Amino acid sequence: MPPRANPTARQGRLGAELRKLREATGIESRDAAAFLGVNQTQISHIESGRFGIGEQRLRGLARFYKCDDSQLIDALVEMAAPRSKGWWEEYRSVLPPKALDLAELEHHALYVRVFHMVHIPGVLQTEEHVRAVSMFAAPSLTEEECETRVAFRIRRQQVIASGTPYDVIVHEAALRMRVGGSKVARAQLDHLLEASDRKSVTLRVIPFTAEGFAGAEFSMQYVGGVIPQLDTVQIDAPHGAEFIDAPMRLSRYRTWGESIDKAALPQEASLDLIRRIAQEF
C-alpha cells in the first residue's frame, strides 16, 4: 500500500506521539524498524502519519520504547483504529484539508474551550453570519462555493448537539460588530442566547470595562484530548488553521486561557450584556 499523500491532523498526531516515545528513550529509527521487521523508511512514514499501524504492532512498539503509560497507549490505539468515515469526509477535495481536520478534532474532543476577541466562534454562527463572513473574506467565491462553506460550518455544530462541553469566552467587541448588517447581527446575538440554553454550552463575555485586560490578540480554540497529553490548540492564521500540540506551547496557551478566564463576566451577567447589546441593534 502506498503512503498517504495527505495524512489528516489526527493521523499526523498519532505518528508524532510515537516519534516522541521513541526519541524519549534514545532509540534510533533503524532499531525500531528492525524490531517491527520493516525498513527504516516505513518507520519514517508511520511517524509522519503517512502509514497506519495496527494495535498489536503499536503496543509492541510501546513496550520496546519502555512506555508504561497505559492511558496514553490506549489512547494511541484508539487513534490508530480504522476510521469510520465522518460526515466531514463528504467535503474532501471540496474544502481545505485543515477545515476537515478541525471538524474531526472537534468530533473526538473530550471538551472544547474557545476564546475569541473580535469574532463569533464558527460553531455558534448563524447561516447568515457565515455567508457574510465568507463573501467578505473571499469575494470571488461562486454562490455554490459559498453555500458549501455555510453548510459545512453549520454541520460543525454537531459538536455541541452531541453534548460535548463547549465553553466559550468572547470579547464585547465581537458582539458589537454588525457583520452582515444590523438585522443579521441582531439575529446572531439571539442565536447566541438560544445556544446558551444548552446544558453543554457555557457562554461568557469580557466587557470593555474589564480592568487591566490586555489579551485581545489571544484568540484560540483549546480542544481537550482523551488525556491531557493529547490536547490540541487551534489558531487561525492567514494560511488557514494551525494546530499546536508541543507540550511547552500547550502549557503557554493554558496559562493565557486562565488569564482570559479571570477577565470574563459570570454567565448570567454575560447573557444580560448580550441582551442589552441586542436591543441596541
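Our subject is the structure listed above.
This structure is a prediction, so every number in the text was calculated from the model and none was measured. (Residues numbered from 1 in each chain as written. Predicted model: local features only at pLDDT ≥ 70, side-chain atom pairs only at ≥ 80, totals over all residues. Heavy atoms only, no water.)

Enquirer: Can you lay out the overall build of the protein for me, pointing to particular residues and giving the numbers?
Expert: When helices and strands are tallied, the protein shows 13 helices and six strands. Counting only C-alpha atoms and orienting by the principal axes, one finds that the protein spans roughly 70 × 45 × 30 Å. For the protein, the proportion of its 281 residues judged to be buried stands at 47%. Contacts spanning at least 24 positions in sequence make up 74% of the contacts within the protein whose residues lie at least 6 apart. Looking at the protein as shown, the accessible area adds up to about 14,800 Å², and 52% of this sits on carbon and sulfur atoms. In the protein, the 35 positive side-chain charges and the 37 negative ones have mean positions that sit 3 Å from each other. (Helix = DSSP H or I, 4+ residues; strand = E, 2+ residues; numbered from the N terminus. Buried < 20%, exposed > 50% of the residue type's maximum accessible area, 1.4 Å probe, protein only. Contact = heavy atoms within 4.5 Å. Areas by Shrake-Rupley, 256 points an atom, 1.4 Å probe, with all protein chains shown as cover. Lys, Arg positive; Asp, Glu negative; His and termini not counted. Charge placed at Lys NZ, Arg CZ, Asp CG, Glu CD.)

Enquirer: Hey, could you go over the pattern of salt bridges for me, with residue numbers and the actual values?
Expert: Considering all chains together, one arrives at 20 salt bridges under this definition. For the salt bridge of E147 with R131, the shortest nitrogen-to-oxygen distance reads 2.7 Å. Of this pair, E147 sits in helix 8 (residues 143-155) while R131 sits in helix 7 (residues 127-137), placing them 16 residues apart in sequence. (Salt bridge = Lys/Arg side-chain N within 4 Å of Asp/Glu carboxyl O.)

Enquirer: Lay out the pairing of strand 1 (residues 111-116) with the relevant residues and their values.
Expert: Pairing analysis gives five bridges linking strand 1 to strand 4 (residues 220-224), with the strands arranged antiparallel. Bridging across to strand 4, F115 finds its partner in M220. Of the pairings in the sheet, the one linking strand 1 to strand 2 (residues 166-171) comprises five bridges and is parallel in character. Bridge pairing in strand 2 links H116 to V170. (Pairing = 2+ DSSP bridges.)

Enquirer: Explain the environment of L14 to me, and be specific about the residues and the numbers.
Expert: Structurally, L14 is set in helix 1 (residues 9-24). Put simply, L14 and I46 are 32 residues apart on the chain and 8.6 Å apart in space, counted from C-alpha to C-alpha. Residues within four places of L14 in sequence aside, it is in contact with I53, L58, L76, M79 and A80.

Enquirer: Before we move on, could you go through empty space enclosed by the protein and cite the residues and values that matter?
Expert: Tallied over the entire structure, the rule returns one cavity of 30 Å³ or more. In this model, the largest cavity occupies a volume close to 40 Å³. Forming the boundary of the largest cavity are I120, H129, A174, L175, M177, V179, A185, Q188 and L189. Those elements giving two or more residues to the lining of the largest cavity turn out to be helix 10 (172-176) and helix 11 (182-195). Among the elements that make up the lining of the largest cavity, the one with the highest residue count is helix 11 (three residues). Residues belonging to the lining of the largest cavity are distributed by class as follows: seven nonpolar, two polar and no charged. (1 Å grid on protein atoms, 1.4 Å probe; cavity = no way out; pocket = protein on both sides within 12 Å on 5 of 7 lines; lining within 4 Å. Points joined across faces, edges and corners; volume = space filled by probe spheres on them. Nonpolar A, V, L, I, M, F, W, Y, C, P; charged D, E, K, R; others polar.)

Enquirer: Account for the packing of aromatic side chains, naming residues and giving values.
Expert: Evaluation of the coordinates by the stated rule reveals seven aromatic pairs. With a centroid separation of 4.5 Å and 10 degrees between ring planes, the pair formed by F35 and F64 is classed as stacked. Within this pair, whereas F35 is found in helix 2 (residues 29-36), its partner F64 is found in helix 4 (residues 55-64), the two being separated by 29 residues in sequence. A relative accessible area of 40% places F35 in the partly exposed class. (Phe/Tyr/Trp six-rings, centres within 6.5 Å; stacked < 30°, edge-to-face > 60°.)

Enquirer: Explain the side chain of E172 to me, and be specific about the residues and the numbers.
Expert: With respect to the helices and strands, E172 occurs in helix 10. Among the polar contacts made by the side chain of E172, one reaches the side chain of R176 at a distance of 2.8 Å. Ignoring any residue separated from it by four or fewer positions in sequence, one finds E172 in contact with V205, I206, P207, F208, L273 and I277. (Polar contact = N/O pair within 3.5 Å; in protein donor to acceptor, adjacent residues only side chain to side chain.)

Enquirer: Just give me the short version of the layout of surface pockets, but keep the residues and values in it.
Expert: Taken as a whole, the largest pocket encloses approximately 1,200 Å³ of empty space. Along its surface, the largest pocket is lined by 38 residues, and Q125, V133, R153, R156 and D236 are the ones closest to its centre. Elements that contribute at least two residues to the lining of the largest pocket include exactly helix 6 (97-107), strand 1, helix 7, helix 8, strand 4, strand 5 (232-237) and strand 6 (240-244). Split into classes, the residues belonging to the lining of the largest pocket amount to 22 nonpolar, 11 polar and five charged.

Enquirer: Which residues make up the environment of S162, and what values go with them?
Expert: Along the polypeptide, S162 turns up in the loop between helix 9 (158-161) and strand 2. Sequence spacing of S162 and A5 is 157 residues, and the spatial spacing of their C-alpha atoms is 31 Å.

Enquirer: Tell me about the packing of helix 2 against helix 4, residues and numbers included.
Expert: As a packed pair, helix 2 and helix 4 sit with axes 11 Å apart at the nearest point and diverge in direction by 130 degrees. When the axes of helix 2 and helix 4 are compared, the pair comes out oblique. Taken as a pair, helix 2 and helix 4 cross one another with a handedness that is right-handed. Each of D31, A32, F35 and L36 in helix 2 lies in contact with helix 4, whose residues at this interface are R57, G60, L61 and F64. Here the residues of the contact of helix 2 with helix 4 sort into five nonpolar, one polar and two charged. (Axes fitted to C-alpha atoms, helices over the stretch in contact; angles between N-to-C directions. Parallel < 35°, antiparallel > 145°, perpendicular 65-115°, else oblique. Left-handed = near helix turned anticlockwise from the far one by under 90°.)

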